[in-house]
Amino acid sequence: HGDEDHDTTVRAAVPYWLKSFWGHRVAGGTSVAKYVNLMPIYIPRDMTIDEIYFSLETISAGKSCRIGLYKDNDGTPVGGALLYDSGNLSVGVAGAIGGAFTPIAVTKGILWAALAVEDAIQGFSIDSVSYPQILATGSDPAFGGAYYVLGTFGALTDPCPAITVNRWSRFVFHVHVASVDD
């Protein structure tokens, strides 16, 4: 395919960004208060990651979001360990939201990004491609996205609890590859 939204190649020793989407980014992801949206990303090789961002389209002054990463559990985030929780991030300015974190070594396979929102005003870029809406048991992940609900806005749940599959949970995010480790 070759366009900038579809390139998942990773060259040894070259810092690179992996993307959570295969189609094209579009505005239109709407938030629901206290939902934790989950989206898988394919990790093509063993590597170390150290940054994550998503694109905020609609701001919500004085409110926050949280970004996290969950380990895969046989094609689902359910039961997967929480690897990273950003803490509260301001959503008062549109653009790239996220940041650097202590490097995390991840293995080839699936990693799940999480985006928790404090209110229903925030909007974010979503993937324009619709994927199957079935959570698999085995090697096929739920590329359509999913979510779980926080009782109160705050720390992400560890491990990942039961989820609901939802195609509107397909937010677009980027993970920075600090090094390729295999």
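Right, let's walk through the structure included here. (Residues numbered from 1 in each chain as written. Predicted model: local features only at pLDDT ≥ 70, side-chain atom pairs only at ≥ 80, totals over all residues. Heavy atoms only, no water.)

1. Let's talk about the overall build of the chain
Counting secondary structure elements, the chain contains zero helices and 13 strands. Along its sequence from the N terminus, the chain presents helices and strands in the succession β-β-β-β-β-β-β-β-β-β-β-β-β. A burial count over the chain gives 51% of its 182 residues as buried. The contacts of the chain with a sequence gap of at least 6 include a subset with a gap of at least 24, amounting to 81%. Only carbon and sulfur atoms are counted for the fraction: they give 54% of the accessible area of the chain, which is about 8000 Å². (Helix = DSSP H or I, 4+ residues; strand = E, 2+ residues; numbered from the N terminus. Buried < 20%, exposed > 50% of the residue type's maximum accessible area, 1.4 Å probe, protein only. Contact = heavy atoms within 4.5 Å. Areas by Shrake-Rupley, 256 points an atom, 1.4 Å probe, with all protein chains shown as cover.)

2. Comments concerning the nonpolar core
Of all hydrophobic cores here, the largest spans 29 residues; its most connected members are Ile49, Ile52, Phe54, Leu69 and Phe173. Elements supplying a minimum of two residues to this core: strand 1 (16-19), strand 3 (35-43), strand 4 (47-58), strand 5 (64-71), strand 8 (95-106), strand 9 (109-117) and strand 13 (173-180). In this structure, Leu38, Ile110, Ala114 and Ala146 belong to the second largest nonpolar core, which totals 15 residues. (Core = buried A, V, L, I, M, F, W, Y, C linked by side-chain atoms within 4.5 Å.)

3. Brief notes about the pattern of salt bridges
Across all of its chains, the model carries two salt bridges by this definition. Taking the shortest distance from any N to any O, the salt bridge between Arg45 and Asp182 comes out at 3.0 Å. Taken as a pair, Arg45 in the loop between strand 3 and strand 4 and Asp182 in the segment after strand 13 lie far apart in primary sequence, 137 residues in all. Judged by relative accessible area, which is 24%, Arg45 ranks as partly exposed. Its relative accessible area of 54% is what places Asp182 among the exposed residues. (Salt bridge = Lys/Arg side-chain N within 4 Å of Asp/Glu carboxyl O.)

4. Some words on the pairing of strand 5
Taking burial as the measure, the eight residues of strand 5 include seven buried ones, the bulk of the element. Across two bridges, the pairing between strand 5 and strand 7 (residues 89-90) is antiparallel. Bridge pairing in strand 7 places Cys65 opposite Leu89. Across seven bridges, strand 5 lies against strand 9 in antiparallel orientation. Residue Ile67 lies in a different strand from strand 9, and its bridge partner there is Leu115. (Pairing = 2+ DSSP bridges.)

5. Structural notes on unusual backbone geometry
Here the bond from Asp158 into Pro159 is cis, since omega is 0°, no more than 30 degrees from zero. Its location among the elements puts Pro159 in the loop between strand 11 (146-149) and strand 12 (164-165). Positive phi values are uncommon outside glycine, yet Lys34 reaches one of about 70°. By relative accessible area, Lys34 is classed as partly exposed at 32%. Despite not being glycine, Asp74 shows a phi value in the positive range, around 60°. For Asp74, the position within the fold is in the loop between strand 5 and strand 6 (82-85).

6. Some remarks on the packing of aromatic side chains
Taken as a whole and assessed by the stated rule, the structure comprises four aromatic pairs. An angle of 55° between the planes, with centres 5.8 Å apart, marks the rings of Trp17 and Tyr53 as tilted. Of the two residues, Trp17 is situated in strand 1 and Tyr53 in strand 4; the sequence distance between them amounts to 36 residues. When the centroid spacing of 6.4 Å and the interplanar angle of 75° are considered together, the rings of Tyr70 and Tyr148 count as edge-to-face. Of this pair, Tyr70 sits in strand 5 while Tyr148 sits in strand 11; the two residues are 78 residues apart in sequence, bridging distant segments of the chain. With respect to burial, Tyr70 and Tyr148 carry one shared label: buried. (Phe/Tyr/Trp six-rings, centres within 6.5 Å; stacked < 30°, edge-to-face > 60°.)

Without other data, these values stay purely geometric and don't point to any function.
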